[in-house]
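Structure at a glance
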Amino acid sequence: MKTIAVLPAGSVSDEAVKRLFAGEQMNWKHHRLIADVFMSTVNGVSDYSVVPIENTIEGSVNLHVDWLVHEVDMPIQAEWVYPSIQNLIGRSSEAAGEDGSIDFSKIKKVISHPVAIAQCLQFLRSELPHAEIETAGSTSEGVKIVKENPGEGWAAIGTMTAADNNGLDVLSQGITDHDNNFTRFLLVGREPFTVRQSDKQKTSILITLPEDFPGALHQVLAAFAWRKINLTKIESRPTKKKLGNYYFYIDIDMALDTVLLPSALGEIEALGCQVRILGSYPSFTYEQLQ
Ligand SMILES: O=C(O)C(=O)Cc1ccccc1
């Protein structure tokens with residue numbers, strides 16, 4: 001049986017990976033922090049780690065991209081999309097106004113994962129401008145902290161599953177600032193993912209440009225363009241070695257063994273660029289996982 005490292009039970013990641021492996025017997029290893037989720041697979045304790053990498057509202061989760069790029073050398077084996085529906089969770093008894101309805105002014109502190117907080121900023125600003133905001137390692141950790149501290153008037157942002165698991169109330173449902181809030185997750189590990197098949201394959205690469213080469217990025221993009229290779233994402237991130245030095249994180253809509261792609265990467269290397277393959281893997285839409 002395969003072992004999967006993921007943020008705690010009731011987190012968005014935990015709900016998401018259970019959809020990817022629906023119907024399979026797996027051994028789950030829950031970790032409080034994303035660093036521990038990564039290290040579990042690096043150290044051979046788990047077969048795969050689950051990494052939320054990008055969100056409709058927040059864009060890339062930079063901390064997680066940086067872990068993938070700088071801290072570990074573990075290939076991406078699958079990607080899939082899952083909705084992040086966030087809710088304000090606490091105790092109705094502590095948040096009840098005179099007439100029994102929820103009175104947000106009674107909530108003194110809101111605790112959650114930074115990405116979940118970022119997804120609900122407008123809600124927090126309009127409904128809870130007085131509340132202190134505290135970050136946690138995951139949404140489910142925030143909910144657990146609220147459970148463990150009755151009488152404080154604290155609330156968390158998290159999933160319905162976490163509210164149920166901890167016997168807390170949903171004070172406000174669906175509080176993200178935009179509907180259609182989806183998160184893209186990566187499965188990283190040493191072995192290919194074979195539980196499901198997809199007709200869509202993607203490849204992720206990092207490209208570092210040579211210094212003092214005007215037009216280098218243009219030439220890199222040209223190598224893809226004239227072969228009609230579709231890029232689904234390109235993002236620059238600091239190399240962390242020197243201020244102003246960047247690498248490019250590129251997602252390509254094609255498997256690595258498709259003839260055109262190795263030739264494009266060869267051309268890019270011939271320009272003097274460094275190319276690192278982060279993985280070539282099946283991609284699943286939310287609909288495919290129903
Ligand atoms: O904290 C969680 O529940 C996570 O899985 C991280 C996260 C937070 C917000 C959106 C997507 C993933």
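Basis of the calculations
Residues numbered from 1 in each chain as written. Predicted model: local features only at pLDDT ≥ 70, side-chain atom pairs only at ≥ 80, totals over all residues. Near = placed C-beta within 6 Å. Nonpolar A, V, L, I, M, F, W, Y, C, P; charged D, E, K, R; others polar. Domains from an automatic or database assignment. UniProt positions renumbered as here; feature names shortened; annotations may be inferred. Helix = DSSP H or I, 4+ residues; strand = E, 2+ residues; numbered from the N terminus. Contact = placed C-beta atoms within 7 Å. Pairing = 2+ DSSP bridges. Axes fitted to C-alpha atoms, helices over the stretch in contact; angles between N-to-C directions.

**Here's the deal with the site of the ligand**
- Near the ligand, the surroundings consist of 14 residues, among which S11, S13, H113, S138 and T139 are the closest.
- Per-class residue counts for the shell around the ligand are five nonpolar, nine polar and no charged.
- Inspection of the shell around the ligand shows a minimum of three residues originating in each of domain 1 (3-83 + 181-189) and domain 2 (87-172).

**A short note on the UniProt feature "site: Essential for prephenate dehydratase activity" (unreviewed entry) in the protein**
- Cross-referencing UniProt, the feature "site: Essential for prephenate dehydratase activity" (unreviewed entry) maps to T183 in the present numbering.
- For T183, the location among the structural elements is in strand β11 (residues 182-189).
- Beyond its immediate chain neighbours, meaning those up to four positions away, T183 contacts V12, A16, P52, N55, Y82 and S84.

**Re the domain arrangement of the protein**
- Each assigned domain of the protein is listed here: domain 1 (3-83 + 181-189), domain 2 (87-172) and domain 3 (201-289).
- Here domain 1 and domain 2 have C-alpha centroids that lie 24 Å from each other.
- Considered class by class, the residues forming the side of domain 1 that touches domain 2 number eight nonpolar, four polar and three charged.

**So, the sheet that holds strand β9 (residues 154-158)**
- Taken in spatial order, the five strands of this open sheet run β8-β7-β9-β6-β10, and their pairing is mixed. Since the sheet does not close on itself, it has two edges, and those belong to β8 (132-135) and β10 (169-172), each with one partner. Pairwise comparison of adjacent strand axes, ignoring direction, gives a mean angle of 35° for this sheet.
- Sheet analysis places strand β6 (residues 87-90) next to β10, joined by three bridges and oriented antiparallel. For G90, the partnering residue across the bridge sits in β10 and is D169.
- Together, β6, β7 (109-112) and β9 form the strand contacts of helix α7 (residues 139-148), whose direction differs from that of β9 by roughly 155°.

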